[in-house]
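As a plain string of letters, each chain reads:
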Amino acid sequence: MEITNVSEYEAIAKEKLPKMVYDYYASGAEDQWTLKENRNAFSRILFRPRILVDVSKIDMTTTVLGFKIPMPIMIAPTAMQKMAHPDGEYATARAASAAGTIMILSSWATSSVEEVASTGPGIRFFQLYVCKDRNVVAQLVKRAERAGFKAIALTVDTPRLGRRESDIKNRFTLPPSLTLKNFEGLNLGKMDKTDDSGLASYVAGQVDRTLSWKDVKWLQTITSLPILVKGILTAEDARLAVESGAAGIIVSNHGARQLDYVPATIMALEEVVKAAQGRVPVFLDGGVRRGTDVFKALALGASGIFIGRPVVFSLAAEGEAGVRKVLQMLRDEFELTMALSGCRSLKEITRNHVVADWDQPRVVPRL
């Protein structure tokens, strides 16, 4: 079957992967309301296209933390990619590099920062969970720096793991042939089979529940890398992130895997953008499956978007070629959306190009 859009990869991944692995990637927390809402909310935003604009040349380039990339579409951190495909994070890194875009490597990757760096050049950020042992955190950050990673994406929405019921039913654990490579040799125990989710038990033992804003400041004392704070959904926390010295914000609900019944990220986005007041860039992850979604996020103030599940599903289906294709399809769809909306560059994408069902009745701007 010819793949014509990003969403089609999910069904192929479901067929190919063991149930435990597919469910781990696909599921959300509890009732999975937010999981559905991350997608559905995009359909409540409609376009107000401007016509008779010369769109013979479209420029999608942008700059993220000083790095020029050809499109505002980047790869979010997703854990344990070798469960999806034997090449795992290596394949994802090569695909990101081929597309010229940014990849964030998960702390819980099945390939280490050094291994990912060995795939060749590329702009890579490192996603960080803060462990109870701060020496381990400092070591990880230093290793990422040495391996040429350009920023730290600090995940702030996981003092405890959300309740993912399929992981409990499946007694989820990392397949025996794989390890969390960044933690090898750090004496952090391993993920055991439990009568619950093995990952939830592992997180309970390792991740620091005392994490607070002062730790964002502490992180800046151990690294000169810029810090993106990932997992913000409110104006209050956006302001605190800026005050704490964050270089950017990723509006994220952890792929709807943490607290259920939080809003879709696309619905939380504007509140966060307004609170940031242009002092730091704001990015979005969660629910992006179409180039139209990318445009909607930028129209609501995002500087760029990150994709997670589309990467692991396409990786499972076709390895590196699948991830390359996902990035290319999103790029092509986004370029077409820009052209049909009358936008020739990212700065021409404005709030007036969309109408959301939560907007007040709009006053049409007079020309």
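Within each chain, residue numbers correspond to sequence positions counted from 1 in written order. Selection of residues for local features in this predicted model requires a pLDDT of at least 70, selection of side-chain atom pairs for listing and counting requires 80 or more, and totals for whole chains, interfaces and linings are taken over all residues. Note that the side-chain values use all heavy atoms of the structure and ignore hydrogens as well as water.

A. Region of the structure containing the pattern of salt bridges. By definition, a salt bridge exists where a carboxyl oxygen of Asp or Glu is found within 4 Å of a side-chain nitrogen of Lys or Arg. A full pass over the atoms with the stated rule returns 19 salt bridges. For the salt bridge of aspartate 208 with arginine 134, the shortest nitrogen-to-oxygen distance reads 2.4 Å. Here aspartate 208, found in the loop between helix H8 (198-206) and helix H9 (213-222), pairs with arginine 134, found in helix H6 (residues 134-146); they are 74 residues apart in sequence, far enough to count as distant. The partner of aspartate 215 in a salt bridge is arginine 134, and the shortest N-O contact between them spans 2.7 Å. In this pair, aspartate 215 is assigned in helix H9 and arginine 134 in helix H6, connecting sequence segments 81 residues apart. With a relative accessible area of 8%, aspartate 215 lands in the buried category. Segments assigned H or I by DSSP are reported as helices when at least four residues long, segments assigned E as strands when at least two residues long, and all are numbered from the N terminus. The buried label goes to any residue with under 20% of its type's maximum accessible area, the exposed label to any with over 50%, and the partly exposed label to all in between, with areas taken from a 1.4 Å probe on protein chains only.

B. Highlighting the packing of helix H4 (residues 88-99) against helix H13 (residues 309-341). Between N-to-C directions, angles span 0 to 180 degrees; the directions come from axes that are lines fitted to C-alpha atoms, helices contributing only their stretch in contact. Two elements in contact, H4 and H13, have axes whose closest approach is 8 Å; the angle formed by their N-to-C orientations is 15°. As far as their axial angle goes, H13 and H4 are roughly parallel. You can see that H4 and H13 cross each other, and the crossing is left-handed. Contacts between H4 and H13 involve Gly88, Ala91, Thr92, Arg94, Ala95, Ala96, Ala98 and Ala99 from the first element and Val311, Leu315, Glu320, Val323, Arg324 and Leu327 from the second. Here the residues of the contact of H4 with H13 sort into 9 nonpolar, 2 polar and 3 charged. Roughly parallel here means an angle under 35 degrees, roughly antiparallel means over 145, roughly perpendicular means 65 to 115, and every remaining angle is called oblique. If you view the pair so one helix is near and one far, a crossing is left-handed when the near helix is turned anticlockwise from the far one by less than a right angle, and right-handed when it is turned clockwise. Note on contacts: a residue pair is in contact if any heavy atoms of the two residues lie within 4.5 Å. Gly counts as polar in this scheme, as do all residues outside two lists: the nonpolar Ala, Val, Leu, Ile, Met, Phe, Trp, Tyr, Cys and Pro, and the charged Asp, Glu, Lys and Arg.

C. Broad picture of helix H10 (residues 235-243). Among all positions of H10, only Ala235, Ala238, Ala241 and Val242 are buried. When H10 is viewed along its axis, its buried side chains cluster within an angular range of 115° and face the same direction. Contact partners of the buried residues in H10: H9, strand S8 (227-232), strand S9 (248-251) and helix H11 (265-276). Just downstream of H10 lies glycine 245, where phi reads positive at about 90°. Of all possible arcs, the one meant is that of the directions from the helix axis to the C-beta atoms.

D. View of helix H12 (residues 291-299). With 8 of 9 residues buried, H12 is to be regarded as a mostly interior element. Within H12 the residues assigned to the buried category are Gly291, Asp293, Val294, Phe295, Lys296, Ala297, Leu298 and Ala299. Once H12 ends, the next one or two residues include glycine 301, with phi positive near 110°.

E. Region of the structure containing the UniProt feature "active site" (unreviewed entry) in the protein chain. When the UniProt feature table is mapped to this numbering, "active site" (unreviewed entry) covers His254. Inspection of the secondary structure puts histidine 254 in the loop between S9 and H11. When sequence neighbours within four positions are dropped, the list of residues in contact with histidine 254 reads Tyr129, Thr155, Asp157, Thr158 and Arg164. At 3.3 Å, the side chain of histidine 254 forms a polar contact with the side chain of tyrosine 129. UniProt positions are given in the numbering used here, feature names are shortened, and annotations may be inferred rather than shown by experiment. Polar contact criterion, stated in full: a pair of N or O atoms within 3.5 Å, where within protein one must be able to donate a hydrogen and the other to accept it, and residues adjacent in sequence count only if both atoms are side-chain atoms.

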